[in-house]
Protein chains: 2
Amino acid sequence: MDDIRDEVLDQLKHMQFLIDENQLDDAKKIFLTLHDFEQATIFVNLNATHRHALIKILSDQELADVFDDIDEEPKKIIGLLEELSPKRASHILNLMYTDNVADILSVMEIEELATYLSLMPKDDAEELRQLINYEDQTAGALLATEYLAIEPDCTIGEALQRVKQEANNAETIYYVYVVDDTEKLVGVVSLRDLLTNPDDYLLKTITNTRIISVHPADDQEDVAKMMRDYDFLALPVTDVFNHMIGIITIDDIVDVMDEEAISDYSGLAGVNVDQGTINPFLAAAKRLPWLITLLFLGMSTASLISHYETLVAKASVLAVFISLITGTAGNAGTQSLAVAVRGIALDEEKSMLKMIFTEILIGLLIGTITGLTIFIIVGIWQANWLLGFIIGISMMAAITVANVAGALIPLGMNKIGVDPAVASGPFISTLSDLTSVLIYFSIAQIFLSNFMNHH
Amino acid sequence: MDDIRDEVLDQLKHMQFLIDENQLDDAKKIFLTLHDFEQATIFVNLNATHRHALIKILSDQELADVFDDIDEEPKKIIGLLEELSPKRASHILNLMYTDNVADILSVMEIEELATYLSLMPKDDAEELRQLINYEDQTAGALLATEYLAIEPDCTIGEALQRVKQEANNAETIYYVYVVDDTEKLVGVVSLRDLLTNPDDYLLKTITNTRIISVHPADDQEDVAKMMRDYDFLALPVTDVFNHMIGIITIDDIVDVMDEEAISDYSGLAGVNVDQGTINPFLAAAKRLPWLITLLFLGMSTASLISHYETLVAKASVLAVFISLITGTAGNAGTQSLAVAVRGIALDEEKSMLKMIFTEILIGLLIGTITGLTIFIIVGIWQANWLLGFIIGISMMAAITVANVAGALIPLGMNKIGVDPAVASGPFISTLSDLTSVLIYFSIAQIFLSNFMNHH
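Residues numbered from 1 in each chain as written. Chains lettered and ligands numbered in written order. Predicted model: local features only at pLDDT ≥ 70, side-chain atom pairs only at ≥ 80, totals over all residues. Heavy atoms only, no water.

## Some details on the overall build of chain A
Put simply, the rule is: Runs of E in the DSSP output that reach at least two residues are strands. Runs of H or I that reach at least four are helices, and both are numbered from the N terminus. In this setup the radius of gyration rests on C-alpha atoms only. A globule is expected at 2.2 Å times the number of residues raised to 0.38. Burial status follows relative accessibility: with a 1.4 Å probe on protein chains alone, a residue under 20% of its type maximum counts as buried, one over 50% as exposed, and anything between as partly exposed. Any two residues whose heavy atoms approach within 4.5 Å at even a single point are treated as in contact. In short, Shrake-Rupley with a 1.4 Å probe defines the accessible areas, and a residue's cover is counted only from the protein chains shown. Charged-residue counts in this description rest on Lys and Arg as positive and Asp and Glu as negative, His and the chain ends being excluded. A charge is said to be at NZ when it belongs to Lys, at CZ for Arg, at CG for Asp and at CD for Glu.
Broken down by element type, chain A carries 24 helices and five strands. Taken over the C-alpha trace, chain A has a radius of gyration of 30 Å; the compact-globule value for 455 residues is 23 Å, which it surpasses by more than 25%. Judged by the C-alpha coordinates and their principal axes, chain A covers about 95 × 60 × 45 Å. Here chain A, with 455 residues, has 56% of them falling under the buried criterion. Counting contacts in chain A only where the partners sit at least 6 residues apart, residues at least 24 apart contribute 69% of the total. Carbon and sulfur atoms make up 56% of the accessible area of chain A, which amounts to about 19100 Å² in all. Computing the positive centroid from 27 side-chain charges and the negative centroid from 66, chain A places the two 2 Å apart.

## Things to note about the side chain of T98 of chain B
Within the secondary structure layout, T98 of chain B lies in helix 8 (residues 98–105). Residue contacts for T98 of chain B: discarding those within four places in its chain leaves E127, L128, L131, L143, A144, T145 and E146 of chain B.

## Description of the interface of chain A and chain B
Formally: Defined here as a combined quantity, buried area equals the accessible surface (1.4 Å probe) lost by two parts on assembly, summed across both. The definition of a polar contact used here is a pair of N or O atoms within 3.5 Å, where within protein one atom must be able to donate a hydrogen and the other to accept one, and adjacent residues in sequence count solely through side-chain atom pairs.
Facing 125 residues of chain A, the contacting portion of chain B comprises 125 residues. Summing the contributions of chain A and of chain B, the shared interface buries around 11100 Å²; its carbon and sulfur component is 66%. Counting every contact that joins chain A to chain B gives 28 residue pairs in polar contact (both at pLDDT 80 or more). When residues of the side of chain A that touches chain B are assigned to their parent elements, the largest contribution, 19 residues, is made by helix 17 (residues 280–307) of chain A.

## Observations concerning the domain arrangement of chain A
Filter applied, for reference: What fixes the domain bounds is an automatic or database domain assignment.
For chain A, the domain assignment lists domain 1 (2–137), domain 2 (149–260) and domain 3 (280–454). Between domain 2 of chain A and domain 3 of chain A, the C-alpha centre-to-centre distance is 51 Å.

## Looking at unusual backbone geometry
Residue and element names in this part refer to chain A. Positive phi, close to 50°, is recorded for A383, a residue that is not glycine. Within the element layout of this structure, A383 appears in the loop between helix 21 (352–381) and helix 22 (385–415). Residue A383 is classed as exposed on the basis of its relative accessible area, which comes to 65%.

## Some words on the UniProt feature "transmembrane region" (unreviewed entry) in chain A
All names here are of chain A. Our working rule: UniProt positions are given in the numbering used here, feature names are shortened, and annotations may be inferred rather than shown by experiment.
Per the UniProt record, "transmembrane region" (unreviewed entry) is annotated on residues 288–305, 317–339, 360–381, 387–409 and 421–448. Structurally, residues 317–339 comprises 96% helix and 0% strand, and the distance from its first C-alpha atom to its last is 35 Å. In this annotation, residues 421–448 is assigned 82% helix and 0% strand; the end-to-end C-alpha distance for the span is 41 Å.

## A look at the relation of the copies chain A and chain B
What counts is decided by this rule: Residues below a pLDDT of 70 in either copy are left out; the C-alpha atoms of the rest, at least 70 in both, set the least-squares superposition of the copies.
For the match of chain A to chain B, the screw axis carries a shift of 0.0 Å, the RMSD comes to 0.1 Å, and the turn is 180°. Here the transformation between the copies is reduced to the relation of a two-fold axis. Mapped onto chain B, 100% of the interface residues of chain A are again interface residues, and the two copies thus contact each other with one and the same surface.

## Focus on the UniProt feature "domain: CBS" (unreviewed entry) in chain A
Residues and elements named next belong to chain A. Here the UniProt-annotated "domain: CBS" (unreviewed entry) positions come out as residues 143–205 and 206–265. Taken end to end, residues 143–205 comprises 32% helix and 21% strand; its first and last C-alpha atoms sit 28 Å apart. A distance of 44 Å separates the end C-alpha atoms of residues 206–265, which is 47% helix and 18% strand.

## Here's the deal with a negative patch on the surface
How we decide: Here the term patch refers to residues with relative accessible area over 30% and no salt bridge, with like charges joined within 9 Å and nonpolar side chains (Val, Leu, Ile, Met, Phe, Trp, Tyr) within 5 Å. A carboxyl oxygen of Asp or Glu within 4 Å of a side-chain nitrogen of Lys or Arg is what we treat as a salt bridge.
Judged by side-chain charge, D71, E72, E73, D103, E135, D136, D255 and E259 of chain A come together as a negatively charged surface patch. As for its placement among the helices and strands, D103 of chain A is situated in helix 8 (residues 98–105).

## Comments concerning helix 8 of chain A
Burial analysis of helix 8 of chain A places seven of its eight residues in the buried class, the great majority of the element. Those residues of helix 8 of chain A not exposed but buried are T98, D99, N100, V101, A102, I104 and L105 of chain A.

## Focus on the pairing of strand 4 (residues 234–238) of chain B
All names here are of chain B. The cut-off we apply is this: Strands are labelled as partners when DSSP assigns at least two bridges between them.
Along strand 4, five of the five residues are buried, which leaves the element largely enclosed by surrounding structure. Burial along strand 4 is two-sided: A234, P236 and T238 facing one way and L235 and V237 facing the other are all buried. Two elements, strand 4 and strand 5 (residues 244–249), share five bridges in a ladder whose sense is antiparallel. Paired with A234 across the two strands is T249, which belongs to strand 5. Hairpin connection of strand 4 to strand 5: five residues between the antiparallel strands, including N242 at a positive phi of 70°.

## As for the sheet that holds strand 2 (residues 175–179) of chain B
Pairing between sheet strands relies on hydrogen bonds along the backbone, with the strands arranged either parallel or antiparallel. Residues and elements named next belong to chain B. Taken in spatial order, the three strands of this open sheet run 1-2-3, and their pairing is mixed. Bordering the open sheet on either side are strand 1 (149–150) and strand 3 (185–190), each of which pairs with just one other strand. In this sheet, strand 3 lies alongside strand 2 in antiparallel orientation, the contact comprising five bridges. Across the sheet, residue Y177 finds its bridge partner in strand 3, namely V188.

## Observations regarding the environment of F67 of chain B
Residue and element names in this part refer to chain B. One can find F67 in helix 5 (residues 60–68). Along the primary structure F67 and I173 are separated by 106 residues, whereas in three dimensions their C-alpha atoms are 21 Å apart. Apart from the residues lying within four places of it in its own chain, the contact partners of F67 are F43, I77, L80, L81, L84, I92 and M96.

## Observations regarding the sheet that holds strand 2 (residues 175–179) of chain A
Ordered by their spatial adjacency, three strands build an open sheet running 1-2-3 (chain A), and the pairing between neighbours is mixed. This sheet does not close on itself; its edge strands, each paired only once, are strand 1 (149–150) and strand 3 (185–190) of chain A.

## Section: the pattern of salt bridges
Oppositely charged side chains can pair when the atoms bearing their charge come close. Taken as a whole and judged by the stated rule, the model has 24 salt bridges over all chains. The closest approach of N and O atoms between E62 of chain A and K28 of chain A, which form a salt bridge, is 3.7 Å. In this pair, E62 of chain A sits in helix 5 (residues 60–68) while K28 of chain A sits in helix 2 (residues 24–33), placing the two residues 34 residues apart along the sequence. Where salt bridges share partners, they join E7 and E38 of chain A together with R210 of chain B into one cluster.

## Things to note about the packing of aromatic side chains
Threshold: Ring geometry is summarised as follows: Phe, Tyr and Trp rings, the Trp one being its six-membered ring, pair when their centres sit within 6.5 Å, and such pairs are stacked at plane angles under 30 degrees, edge-to-face over 60 and tilted between the two. Only when the NZ of Lys or the CZ of Arg is both within 6 Å of the ring centre and within 35 degrees of the ring normal is a charge said to sit over the ring.
Counted by the stated rule, this structure contains 25 aromatic pairs over all chains. Aromatic side chains Y175 of chain B and Y177 of chain B sit 6.5 Å apart centroid to centroid with 45° between the ring planes, which places their arrangement in the tilted category. Overall, Y177 of chain B belongs to the buried group, its relative accessible area being 1%. Plain terms: the ring middles of Y308 of chain B and F441 of chain B are 5.1 Å apart, the flat faces sit at 15° to each other, and that makes the pair stacked. Within this pair, whereas Y308 of chain B is found in the loop between helix 17 (280–307) and helix 18 (309–314), its partner F441 of chain B is found in helix 23 (residues 425–446), the two being separated by 133 residues in sequence. F441 of chain B sits in the buried class, given a relative accessible area of 0%. These aromatic residues form a ring-pair network of at least three members: F37 of chain A together with Y147, Y175, Y177, Y230 and F232 of chain B. The ring of F43 of chain A has R51 of chain A sitting right over it, with the charged end atom 5.8 Å from the ring centre.

## Section: the side chain of R287 of chain B
If you trace the backbone, R287 of chain B turns up in helix 17. Of the residues examined, R287 of chain B reaches a relative accessible area of 0% and is grouped as buried.

## A closer look at helix 21 (residues 352–381) of chain B
Each α-helix turn comprises 3.6 residues. Residues three or four places apart therefore point the same way. The condition that has to hold: Helix span, as expected, comes to 1.5 Å for every residue beyond the first.
Here helix 21 of chain B contains 30 residues, and its C-alpha end-to-end distance of 42 Å stays within 8% of the 44 Å for a straight helix at 1.5 Å per residue. Within helix 21 of chain B the residues assigned to the buried category are M355, I356, E359, I362, G363, I366, G367, T370, G371, I374, V378 and G379 of chain B. Lining the buried residues of helix 21 of chain B we find helix 17 of chain A together with helix 20 (322–346) and helix 22 (385–415) of chain B.

## Looking at the environment of K286 of chain B
Mapped onto the elements, K286 of chain B comes out in helix 17. For K286 of chain B and N272 of chain B, which are 14 residues apart along the polypeptide, the C-alpha to C-alpha distance reads 7.5 Å.

## Here's the deal with the nonpolar core
Stated formally: Definition of nonpolar core: a set of buried residues of the types Ala, Val, Leu, Ile, Met, Phe, Trp, Tyr and Cys, connected through side-chain atoms within 4.5 Å.
Residues F67, L191 and L194 of chain A together with F67, L191 and L194 of chain B are the most contacted members of the largest nonpolar core, which totals 188 residues. Contact partners of L194 of chain B, with chain neighbours within four places excluded, come to I156, A159, L160, V163, V176, V189, L203 and I206 of chain B. Of all hydrophobic cores here, the second largest spans 85 residues; its members include L311 and I362 of chain A together with A302 and F321 of chain B.

This is how it looks when you write it as C-alpha cells:
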C-alpha cells in the first residue's frame, strides 16, 4: 500500500520539478492523468508558489474537481480558496458539488460568505444558503443537489440520453430518481436496469416504487446504518411531503463511518485521538481538561478514605487491597459501559429496564466468581479467612455497582439527549473508585471488631 | 428510520398471512418487489415452515439473491442452506457472488464442503477452493470474481454491449476492467466514461492506465483506507504479475469498516461489545477471562503494597491517596494508549522513538500540571506541605510512566506483529496501578523520616 503513497510523493516532486523548469504544459497534462484524490493531495502539499503556478494553468472546472476531493478541515480549504481572487473562488465553489461547498461555507466568516454568495447566480446562492442551515451530523449536512430526476413518462431510451448528458454534473449517475410534476419522488431506477431493458419501454414500467429515503434532520449515524444494510450507492433525501431535496452518496457515508468510529473510540478513551501531528503542548492541553476534572472526582474518593483513616491506622492491611478492589470494579464498569454504548447505538429496541436488569445479573455473576477467587487467594495468602471474606464480599458488591453504573450512565445520557459515546472509561473507573471505596470501608467497618480479634 | 424497519416487520407478517392462506402466487409477487435486504431479513425471520413454503415458490436465482444479502454469521447461513436439498443448495451457492460463498464455505465442516463442491461444475468448484484459502481479514477474503473484463481493442459500443449482457452477473457494472490477452490488467474505464464517449472510439483511448489495485494478502484495513481515500466503488485485486484476480466492492468495505470499528472499540474496553442479545451467563463468561487475568495483575500491586504495610501503619494518611494516584495515572495511560493505537493505525510514518519521546514530554507536561494542582490541594487540605510534595511528585512521576507505557505497549505489540488494538484501557490502568504504587511508596519511604516529624 505504502508504495502508492510514495508514488504520489514522487508525482508531487515531479510536479515541482516541471513547474520550476517552467514546463507548464507538461505539468498540466501529467496532473490531469492523476486520480482526483492524488490531484488533491498534491495540490494541498505543494508550497504556495508552486500551487500558484498550478492554479494559473488549470481551468475553473479542473480546480473545482480538485477542491471537491480535498480531504482536509473546512478551515484549511477556506485558506486555499483565499489564494484565489474572490471572483474565481466563488466560481469554483459554484462548480463544486453542493454537499462539499456547504461544508466549507458553514464554517466561513460571515463577511467572506456574503462576498462569495454575492458573486454567484442568485438561484445557486439561495440553494447553498438553505444547505448551510442543516445541522451538522444530520442527513441535511451530507446531501448534494446534483442528482438525476426524470419524469415517469419518459422512455428508457430518453432516460439514457439524459444520463449521458448529465453524466459530468450529477454526483452519481448510477441511480435515476423518478419524480412527478409536483417534484414528488415516486421511485428509483438503477442504471443497471436502464441498460438491461428495451429502450422503448416507459420508465415507469421498470421503476422501483418501494422508496427507501431519509429526511434532512435524520442523524448521520442512522443514515449510515441504512446504507450499510441496503447496500445502496446513494440514498434520496426527501421532505415530509416526499419532495426530493437531494441525495447522499456512499463516499460521504464512508467518511461518516470513519468519523463516528473515531469519535466513539475517543469517547471511550476520554481523549480526542484524532489530533494528527500536533505538538506536545497542544496534545497536553487537549488531554488535561478531562484529567483535571477526574482528579477532582478522585479527590472525593481520597476524602472518603480519610474518614476511615483511624480504621486504616488500626488495620493497615486494609490499605493493601484498596487498588485491587477499585481497579477490578473499574475494569468491570468499563466493560459494561462499552457494551451499553454499543447497545444504544444499535438501537436494539430493548427496554432500559431490561438492559439494567441484565447488567445487575451479569454484575452479580462476575462479582460472585471474582469475589470467590479473591476470597480464597486472600484467605490463604494472609492466613485470615475473615479478611478474605471482607475483601471478597466488597469485591462482589463493588463490581455489581460498577457494572450497573456502567450501563446506567450511558442510558441516562441517551435519555436526556446527550450522545452516550462521550461517557469515557476513565470517567466510569474514577466514579467507581468512589463507590468501591465506600463499599469496601463500610463492610470493613462492620466486621472491624471481629477482624481485629483475628488479626 | 424505525418506521422502515417496522415496515419490514409488517411485510413479514403479510408474507406469513399469504403463506398460511395458501396465496402463494401473491406471496411470491410481493416478496420479489421488496429490496434485497428486506427479502433477506424476512427470509431469515420466518419460521421454518413458512420459509419452507417460500423456498418452494422461489427460483434458484431468486434464492441465490436472497442468500447473497443475508447479513448473519456464516454458521447461521449454513444452517439455512441445510434446509434445502444438497443439490439445490450447491446450485444456489454456485449462483451467488463468490466472495459471499467463500465466506460461508470457509467455516463449513469438511464433509459438507466436499459434498457441495462435488455437485458444482469443476471449474467453479476449483475457483471456490482457491478463494477459501485466502486468510481472513485480507483482500483475498473479500474478493469476488464476477467482474467485467474487456480487451483494449474493443470499441466503446462493443464494450457497452458487453456491459448490458453481463449486467445481471457482474457484481459491479460501474467499472470495466481492461485486460490484455495475457490476463494482465492494463487499466480501468468507468461506466460514466463509456456513456459519455462516442460508441466508435476504441476502449484503449479512454482507458485510465493509472491503476490502483491491491494484492490478495493485503490487510482489509489498508484496503478500506485506500477505498476511502480514492472514493472508488470497487478496487481490482491483482497478483504480483498484475494478473487480474477479482474485485472488492464498496459494500464489503462498508462492512469491514464497521467490523474494524467494533473490534477497536472492543479492544479498548477489554470486552467484545458485539455480543448481541445473548444471555447474562454467556455475557459474564465473555467478560470474565480479562477480568480474572487483570485480577492477578492487580494482586501483584496488592502484594507490593503489603511490603509497605508497616509504613502505612505508621503513616495511615498515605492510604488516603493510593486510589487518587493510581486512578489519575491510569486515566492518563488510557488516553496515551488510545492515541498511540490510532497513530499506529494511521501509519503516520512516524518513528517509534519520536512517538515515545513525544509521550514522555506530554507525560511530563500533564504530570507537572496535575502534580502541582494536587500539591496545592493536599498542602492546604492536610495542612502538610511535605505530604503535598510527596503526593505531587509521585503523581507527576506516575503519570509520566503511565503515559509512556500507554504508548510503548501498542508500539511494541505492533513491532512483534500483534494487532495493537487489543491492548485495552483496563489492562493499561491495572498495569499502571503497579508502577504508580511502586513510585508512590518509594518516594514516601525516602521522605518518611522528615514526614513523620511533620505529621
